[in-house]
Amino acid sequence: MTTLHLSPSRTFGSINLITLKPHPSNSRKYEQLANVPDQDAETESVSSVSAGAERSDSFKISAKQCADSEFGVEFACEPTWKWKRTGDAILIIISSQPMVTMTISRVDSPIKLLGQITDSYLRERGLYADGFQAERVKFLDGEAVHVKAISRDDPDIRLSDYFFIKNNSLYGVLFSVKPSEEWDKYKFDIQKIIQSFQNLEM
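It should be emphasised that the depicted structure is a prediction, and the values quoted were computed from it without experimental measurement.

Things to note about the pairing of strand S6 (residues 89-96)
The side chains of a regular strand alternate, residue by residue, between the two faces of the sheet.
So, point 1. Counting buried positions along S6 gives 7 out of 8 residues, so the element sits mostly inside the fold.
So, point 2. Where strand S5 (residues 82-86) and S6 come together, 5 bridges link them in antiparallel fashion. Note on S6: the bridge partner recorded for Trp 83 is Ile 92.
So, point 3. Linking two consecutive strands that pair antiparallel, namely S5 and S6, is a turn of 2 residues; a positive phi of about 60 degrees is found at Gly 87 within it.

Overview of the confidence of the model for the protein chain
So, point 1. In this model, the protein chain carries an average pLDDT of 77, and 70% of its residues clear a pLDDT of 70 or more.
So, point 2. In the predicted structure, residues 1-9 sits below a pLDDT of 50 and forms 40 contacts with residues beyond four places in sequence or in another chain.
So, point 3. When the criterion is pLDDT under 50, residues 11-55 qualifies, and its contacts beyond four places in sequence or with other chains add up to 165 contacts.

Notes on helix H2 (residues 183-196)
So, point 1. End to end, H2 covers 20 Å across 14 residues, agreeing with the expected 20 Å (1.5 Å per residue, within 8%).
So, point 2. Within H2 the residues assigned to the buried category are Trp 183, Tyr 186, Ile 190, Ile 193, Ile 194 and Ser 196.

Structural notes on the pattern of salt bridges
So, point 1. Counted by the stated rule, this structure contains 10 salt bridges.
So, point 2. Arg 125 is paired through a salt bridge with Glu 124; the nearest N and O atoms lie 3.9 Å apart.
So, point 3. Note that Lys 148 is salt-bridged to Glu 135, the shortest N-O span being 3.5 Å. On the criterion of sequence distance, the pair formed by Lys 148 in strand S9 (residues 142-150) and Glu 135 in strand S8 (residues 133-139) is long-range, its members being 13 residues apart.
So, point 4. Overall, Lys 148 belongs to the partly exposed group, its relative accessible area being 29%.
So, point 5. Classification of Glu 135 as partly exposed rests on a relative accessible area of 34%.
So, point 6. Bridged by salt links that share partners, the residues Asp 68, Glu 70 and Arg 85 form one connected network.

Rules used in this analysis
- Residues numbered from 1 in each chain as written.
- Predicted model: local features only at pLDDT ≥ 70, side-chain atom pairs only at ≥ 80, totals over all residues.
- Heavy atoms only, no water.
- Buried < 20%, exposed > 50% of the residue type's maximum accessible area, 1.4 Å probe, protein only.
- Helix = DSSP H or I, 4+ residues; strand = E, 2+ residues; numbered from the N terminus.
- Pairing = 2+ DSSP bridges.
- pLDDT = per-residue confidence, 0-100.
- Contact = heavy atoms within 4.5 Å.
- Expected span 1.5 Å × (residues − 1).
- Salt bridge = Lys/Arg side-chain N within 4 Å of Asp/Glu carboxyl O.

This is the structure in structure tokens:
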């Protein structure tokens, strides 16, 4: 089974990846968010979405739509992507060469309002290199703070992070691309994924 070693600043530690498969019923802590694994990391498919996964029954795929009942969202995805739930987050590998990841995470933070996510707050987290940009964008039924940045620990990693409030908790949808020069190749796909996010009808 695949083991990926992630950098310390946005890490889950070692993780096992699971290939997205159709679910039988239906013919991705702020300092611990996933960073890009080494590009030479190997991946391996498994036969079942539930094999080795924690609470995998909350994450489902039907056709080209993924849904997670724990986070209450659904979004466009591909069945070839690999994923792993760890703690309060799902790490999804969109591509391994180049390495492109998406992480959906509940952030361990007292923040309850988007206005509290200031440049000073983001700078204090120590994840972004100087020169990062933060802006308000439309997301789900409201807004998110979109951070465009280069990783502080690895200048070869481009980051595109979206933070939003849901059920009085702070969440993040985080994208990483390595090497950073591959960003232009994937930026439109990432934008389509973000635009496809919807609240899941429970």
